[in-house]
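Listed below are the residues making up each chain.
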Amino acid sequence: MKRRTLLGVSLAATLAAPAVVRAQDTTVTLKDLARRATIYLFPVYEMYRTRWQATVNAANPSRQQLNRFRHIAQLADHRARAVTTPNDDTFYSSAWLDLSVDPMFLTVPPVGDLYYSYAFMDLFTNNFAYVSHRLHGGEPPTHMIVGPGWTGDPSSEVKLVRAPTNSVWLLGRILIDGPDEVDRVRILQARALLETPDQRTERRILGARELMSQRNAAPAEPVAGWPAPNPTDAFDLFDVTMRALGESPLPERDRAVFDAFAPLKLRPGRNFDRRAFSEPERRAIQAGIEQGRGDIRAAGGRYGRTVDGWTYGERHLGNFGADYLYRAYVALTGLAALEPTEAVYLACNTDSNGRPLSGANTYRLTFPADGLPPARAFWSLAMYEVTPEGRAFFIDNPIGRYSIGDRTPGLQKSADGSLTIYLQRERPEGKRATNWLPAPSGPMRLVLRAYEPAESLIQGLYRAPGVQRNSPS
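Residues numbered from 1 in each chain as written. Predicted model: local features only at pLDDT ≥ 70, side-chain atom pairs only at ≥ 80, totals over all residues. Heavy atoms only, no water.

A. Main features of the sheet that holds strand 6 (residues 143-146). With mixed pairing, the four strands of this open sheet are ordered in space as 7-6-3-9. At either end of the open sheet lies a strand with only one pairing partner, and these are strand 7 (159-162) and strand 9 (193-195). The sheet shows a mean angle of 20° between the axes of neighbouring strands, direction not considered. The sheet contact formed by strand 6 and strand 7 spans four bridges and is parallel. Residue Met-144 lies in a different strand from strand 7, and its bridge partner there is Leu-160. Taken strand by strand, helix 4 (residues 197-207) contacts strand 3 (104-107) and strand 9, and its axis lies near 120° from that of strand 9. (Pairing = 2+ DSSP bridges. Helix = DSSP H or I, 4+ residues; strand = E, 2+ residues; numbered from the N terminus. Axes fitted to C-alpha atoms, helices over the stretch in contact; angles between N-to-C directions. Contact = heavy atoms within 4.5 Å.)

B. Here's a closer look at the environment of Leu-237. Take Leu-237: it is sitting in helix 5 (residues 236-245). Linking Leu-237 and Ala-343, residues 106 residues apart in sequence, is a C-alpha distance of 30 Å. Ignoring any residue separated from it by four or fewer positions in sequence, one finds Leu-237 in contact with Thr-38, Phe-42, Tyr-45, Ile-289 and Arg-293.

C. Broad picture of the sheet that holds strand 5 (residues 127-132). Within the open sheet, the five strands sit side by side as 1-2-8-4-5. Their pairing is antiparallel. The sheet is open, and its two edges are formed by strand 1 (70-72) and strand 5, each paired on a single side. Direction aside, neighbouring strands of the sheet carry axes that sit 15° apart on average. In this fold helix 3 (residues 182-191) packs onto strand 1, strand 2 (90-98) and strand 8 (167-175), with an angle of close to 10° to the strand it touches most, strand 2.

D. Here's a closer look at the packing of aromatic side chains. Inspection of every chain in the model, using the stated rule, returns 19 aromatic pairs. Look at Tyr-40 and Phe-261: their rings are 6.1 Å apart centre to centre, the planes differ by 55°, and that puts the pair in the tilted class. Of the two residues, Tyr-40 sits in helix 1 (residues 2-55) while Phe-261 sits in the loop between helix 6 (255-259) and helix 7 (279-297), which places them 221 residues apart along the sequence. Grouping residues by exposure puts Tyr-40 and Phe-261 together as buried. An aromatic cluster is present here, built from Tyr-40, Phe-124, Phe-258, Phe-261 and Tyr-324 joined pairwise through their rings. Across the ring face of Phe-105, the terminal group of Arg-200 is positioned such that the distance to the ring centre comes to 4.8 Å. (Phe/Tyr/Trp six-rings, centres within 6.5 Å; stacked < 30°, edge-to-face > 60°. Buried < 20%, exposed > 50% of the residue type's maximum accessible area, 1.4 Å probe, protein only. Lys NZ or Arg CZ within 6 Å of the ring centre and 35° of its normal.)

E. Local environment of the pairing of strand 19 (residues 444-453). Counting buried positions over the 10 residues of strand 19 gives 10, a clear majority of the element. As paired strands, strand 12 (residues 343-348) and strand 19 are joined by six bridges and run antiparallel to one another. Following the sheet pairing, Ala-343 is matched in strand 19 by Tyr-451.

F. Quick peek at the pattern of salt bridges. If you walk through the whole model with that rule in mind, you get 21 salt bridges. In this structure, Glu-46 engages Arg-49 in a salt bridge whose closest nitrogen and oxygen atoms are separated by 2.9 Å. With a gap of three residues between them, Glu-46 and Arg-49 both fall in helix 1, about one helical turn apart. Salt bridges sharing common partners tie together Asp-32, Arg-35, Arg-36 and Asp-295. (Salt bridge = Lys/Arg side-chain N within 4 Å of Asp/Glu carboxyl O.)

Written as structure tokens, this is what we have:
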């Protein structure tokens, strides 16, 4: 009897062991899948979060309607927190397009020699089209933007743009070339038209002073009614992104990637089903999400080339292909970055000796006379404080200066033609204060921007000088 009992216990243990192993294997697999899914989906989450803030959040005093511009007729400052790493060189015009019902028409007024760009970014943060000075000069044609399900033939007088997703962020930039240009740029912003087919037809008929023989009822305006993100819930990443993917198709290139997440039961258009998993499995998925977010934060060192503290971005910045980690990192640190043909961004987080930049120290940056950033439009050097999450924002400072560039009045050059910029928290003494770029008290980041960059900058042949840390006095 005892022998049979012992045999029974032994057999039960033998049969149970594979189940335990299988359970362990399942949690390991779910954790890794959640990590990979987080990296893939994080840019979609950031787009949803930014769109919700712009169009739904009742606490936002500048909340905007879909398919309409919100013109920001002032330069970004320390209060600008909607998008990480803003610039203070251009006025922005922002519109969130819903192309699920109607196409939209973009008409940009003649701007002369002034720099401008209107970038179209899909739900996955890829720039898929531009209307810009680089492509169209000072008199761009009208563009017709259609969603992925649109069929038809556009008229010959417009340029067709096919969007990969129904949700599109249209972000316009117009250079402020000096205080005297503010009123002119505000007028140019107001004259940029974003219209449905009916709105465009009615405007043109009224402009020609013709009677409308027939008027169709205007379609109902799309309403931004998406639920708020909930960053305190680890699984909110999956809830939000599945909601967003229910609106727009996956790229065919990504179909196999997304299908590999099947054990997570992620279904576009539906909430993440937490109840489908046991408690250990939920903990494994949550750990995978946290690890994925950590991988995104740490990804900066994997991309580009760092020379003298400056990181030169990858050539596929702004149109990432299948490089999902780079796409996620840029969504975290520089959402809405343009492609290198339109603008080049150099980021600096360390001095020339590799030490992290901090406002606890003082620094100087000297451009030789023949070594200023080669840009056909303009260049600027911006200073940011870095948050624990890796985002970057301007800081309040006594002179209200957030960047220095080729349009900054009164900069003092040395006798040899070189330009030294002083990077520190406290105002420098004497004439050096003219070239002062105020720094935060803690971790900081510099971003050097060049719009319509020369080929030497696109190819990475231009080298920015290293940031020199001053010795303690």
